[in-house]
Amino acid sequence: MEQKLIYLDHAATTAARPEVVEAMMPYFTEKFGNPSSIYGFAAGNKKVITDVRETIAKSLNAPTQDIYFTAGGSESDNWALKATAEAYADKGNHIITTKIEHHAILHTCQYLEKKGFEVTYLDVDENGVVKLDQLKEAIRPTTILISVMFANNEIGTIQPIEEIGAIAKEHGILFHTDAVQAYGQLPIDVEKMHIDMLSASGHKLNGPKGIGFLYIRKGLKLRSFVHGGAQERSRRAGTENVTGIVGLGKAVEIAMATMEERTKKETEMRDHLIDRILAEIPYARLNGDRKRRLPNNVNISFQFIEGESLLIMLDMKGICASSGSACTSGSLDPSHVLLAIGLPHEIAHGSLRMTLGDENTMEEMDYVVDQLKEIVAKLRSMSPLYEDFIKHSK
Ligand SMILES: *Cc1c(COP(=O)(O)O)cnc(C)c1O
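Structural notes, computed from the coordinates. (Residues numbered from 1 in each chain as written. Predicted model: local features only at pLDDT ≥ 70, side-chain atom pairs only at ≥ 80, totals over all residues. Heavy atoms only, no water.)

1. Here we look at the overall build of the protein
- Along its length, the protein carries 13 helices and 12 strands.
- Against the 2.2 N^0.38 benchmark of 21 Å for 394 residues, the protein shows a C-alpha radius of gyration of 22 Å, consistent with a compact globule.
- With respect to the principal axes defined by its C-alpha atoms, the protein has extents near 75 × 55 × 35 Å.
- Out of the 394 residues belonging to the protein, those deemed buried represent 56%.
- Of all intrachain contacts in the protein linking residues separated by at least 6 positions in sequence, the fraction that spans at least 24 positions is 72%.
- Here the protein displays about 17,100 Å² of accessible surface, and carbon together with sulfur accounts for 55% of that area. (Helix = DSSP H or I, 4+ residues; strand = E, 2+ residues; numbered from the N terminus. Rg over C-alpha atoms; globule rule 2.2 N^0.38 Å. Buried < 20%, exposed > 50% of the residue type's maximum accessible area, 1.4 Å probe, protein only. Contact = heavy atoms within 4.5 Å. Areas by Shrake-Rupley, 256 points an atom, 1.4 Å probe, with all protein chains shown as cover.)

Quick look at the structure:
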């Protein structure tokens, strides 16, 4: 029997929707003009870029001119942090972030520490939620930026963004959020949530790879991130990625129009998957908050098992999943996120992340649990640790 691929790694990347690809195609060929050119045929591309900027701005309740196109989430995160550090260095040298950020934030913070900035990495509770008291205590007169991700890419925990925004505003500190996982899955309002900068990426919401944006609140004195031409209000030079921008625009349009229905379906599949696994597979625990959770995230630790072996055996059954984040797999260190929520190394090592998309089905969820049950039993039967454990618990 031909084996169908079951893709459960939507936090790593997603397929571009057919409508997205279709919208992009003409901009590779007949509509190839440089948006900065004067002649009418190219100038149309300038209009198309403005339209997408407006679509994105509306989705966030932001003014159109505050959206800046970038090459994706990593660039947006780098820009927000480095430019803020540089622009506000005369005000202070202290940045607050969390221990569970994506490496695009964590490694940028480490770079800034080498440049003389001081960074506080906030703890999270056992479900991965930032502690607001600790955040307030961490604030110093020299704090210039708070950067807390909207929702975590590994365990799906959603942060109390509005409360964090209010704290930042009250203290006159800028607030950036990495919303790469949340944008398109959760409603976001930069005004209501007091967000000053926000990063998002096309390929996490069924758009193309290599395109994203950074929202920068009007009035922030961030300087140019890429020097050169006058594109993106002279703050990010380079001929615009017109095809990417058009694809991103279509992806955002669809994501916003379908959000309610799509996330309802994902939540049902997510909860079914979690409930069946926890009921039918012993010594399994859910990582991340049961309620404050991305609609499509399932992260489970199976005791006495190596996540990597699990992934290989799932792959043989046509199931694509992930152990830590795509960026850390390949290294043997357990995920920094799972360690931050207090998992011991050996439990963190046995973790499996499955992130769903709207093309997945309930039947697939049942198939996955059936396979998981067999695979986990098989791997445990080969584990001396498990044998020992069973012997002693008898
Ligand atoms: C994927 C991801 C990024 C990086 O985005 P790219 O577009 O791949 O550079 C940053 N932050 C989070 C939370 C992510 O999930």
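2. Some words on the site of the ligand
- As a structural note, the neighbourhood of the ligand is formed by 13 residues, with Ser 74, Asp 178, Gln 181, Ser 201 and Lys 204 the closest of them.
- When isolated, the ligand has an accessible area of 380 Å², and the protein chains bury 87% of it.
- If one sorts the elements of the shell around the ligand by residue count, helix α3 (residues 73-87) sits on top with three residues. (Near = heavy atom within 4 Å.)

3. Quick notes on the pattern of salt bridges
- All told, the structure shown has 21 salt bridges when counted by the stated rule.
- When the shortest N-O distance is used, the salt bridge between Arg 290 and Asp 275 registers 3.0 Å. Highlighted residues: Arg 290 in the loop between β9 (284-286) and β10 (297-302) and Asp 275 in helix α8 (residues 242-280), separated in sequence by 15 residues.
- The partner of Arg 276 in a salt bridge is Glu 280, and the shortest N-O contact between them spans 2.8 Å. Taken together, the positions of Arg 276 and Glu 280, both in helix α8 and four residues apart, correspond to about one turn of that helix. (Salt bridge = Lys/Arg side-chain N within 4 Å of Asp/Glu carboxyl O.)

4. Examining the sheet that holds strand β4 (residues 118-122)
- The strand order across the open sheet formed by seven strands is β2-β8-β7-β6-β5-β3-β4, and the pairing between neighbours is mixed. The open sheet has two edge strands, β2 (67-70) and β4, and neither has a second partner. Sheet twist, expressed as the average angle between the axes of neighbouring strands with direction ignored, equals 20°.
- Where strand β3 (residues 94-98) and strand β5 (residues 143-147) come together, three bridges link them in parallel fashion. By the bridge assignment, Ile 96 is partnered in β5 with Ile 146.
- Sheet contacts for helix α6 (residues 161-170): β5 and β6 (174-178); angle to β6, the most-contacted strand, approximately 155°. (Pairing = 2+ DSSP bridges. Axes fitted to C-alpha atoms, helices over the stretch in contact; angles between N-to-C directions.)

5. Focus on a nonpolar patch on the surface
- A cluster of nonpolar side chains, contributed by Val 21, Met 25 and Phe 28, occupies part of the molecular surface with about 290 Å² of accessible area.
- Mapping Met 25 onto the fold places it in the loop between α1 (18-24) and α2 (40-60).
- Residue classification places Met 25 among the partly exposed residues on the basis of a relative accessible area of 47%. (Patch = residues over 30% accessible without salt bridge, like charges linked within 9 Å, V, L, I, M, F, W, Y side chains within 5 Å.)

6. Notes on the nonpolar core
- Formed by 58 residues in total, the largest nonpolar core has its most connected members in Ile 56, Leu 60, Phe 150, Ile 188, Leu 198 and Phe 213.
- In contact with Leu 198, other than residues within four places in its own chain, are Leu 60, His 176, Thr 177, Ala 179, Ile 188, Val 190, Phe 213, Leu 214 and Tyr 215.
- With 28 residues, the next largest nonpolar core counts Leu 273, Ile 305, Leu 310 and Leu 311 among its residues. (Core = buried A, V, L, I, M, F, W, Y, C linked by side-chain atoms within 4.5 Å.)

7. Let's talk about the pairing of β2
- Here β2 shows no split at all, with Ile 67 and Phe 69 on one side and Tyr 68 and Thr 70 on the other all buried.
- Across four bridges, β2 lies against strand β8 (residues 212-216) in antiparallel orientation. Looking at the pairing, Ile 67 lines up with Tyr 215 of β8.

8. Notes on the sheet that holds β10
- The strand order across the open sheet formed by three strands is β9-β10-β12, and the pairing between neighbours is antiparallel. Both edges of this open sheet fall to β9 and β12 (351-355), since each of them pairs with a single strand only. Strand-to-strand twist across the sheet, computed as the mean angle between neighbouring axes with direction ignored, equals 25°.
- Taken together, the five bridges between β10 and β12 define a ladder with antiparallel strand orientation. Counted as the bridge partner of Asn 299 is Arg 353 from β12.
- Along the sheet, α8 contacts β9, β10 and β12; its crossing angle with β10, the most-contacted strand, is approximately 15°.

9. Digging into the packing of α3 against helix α4 (residues 103-114)
- At a minimum axis separation of 9 Å, α3 and α4 run at an interaxial angle of 30°. As far as their axial angle goes, α4 and α3 are roughly parallel. Relative to α4, α3 is oriented so that their crossing is right-handed. Contacts between α3 and α4 involve Ser 74, Asp 77, Asn 78, Leu 81, Lys 82 and Ala 85 from the first element and Ala 104, Ile 105, Thr 108, Cys 109, Tyr 111 and Leu 112 from the second.
- For the contact of α3 with α4, a count of residues per class yields seven nonpolar, three polar and two charged. (Parallel < 35°, antiparallel > 145°, perpendicular 65-115°, else oblique. Left-handed = near helix turned anticlockwise from the far one by under 90°. Nonpolar A, V, L, I, M, F, W, Y, C, P; charged D, E, K, R; others polar.)

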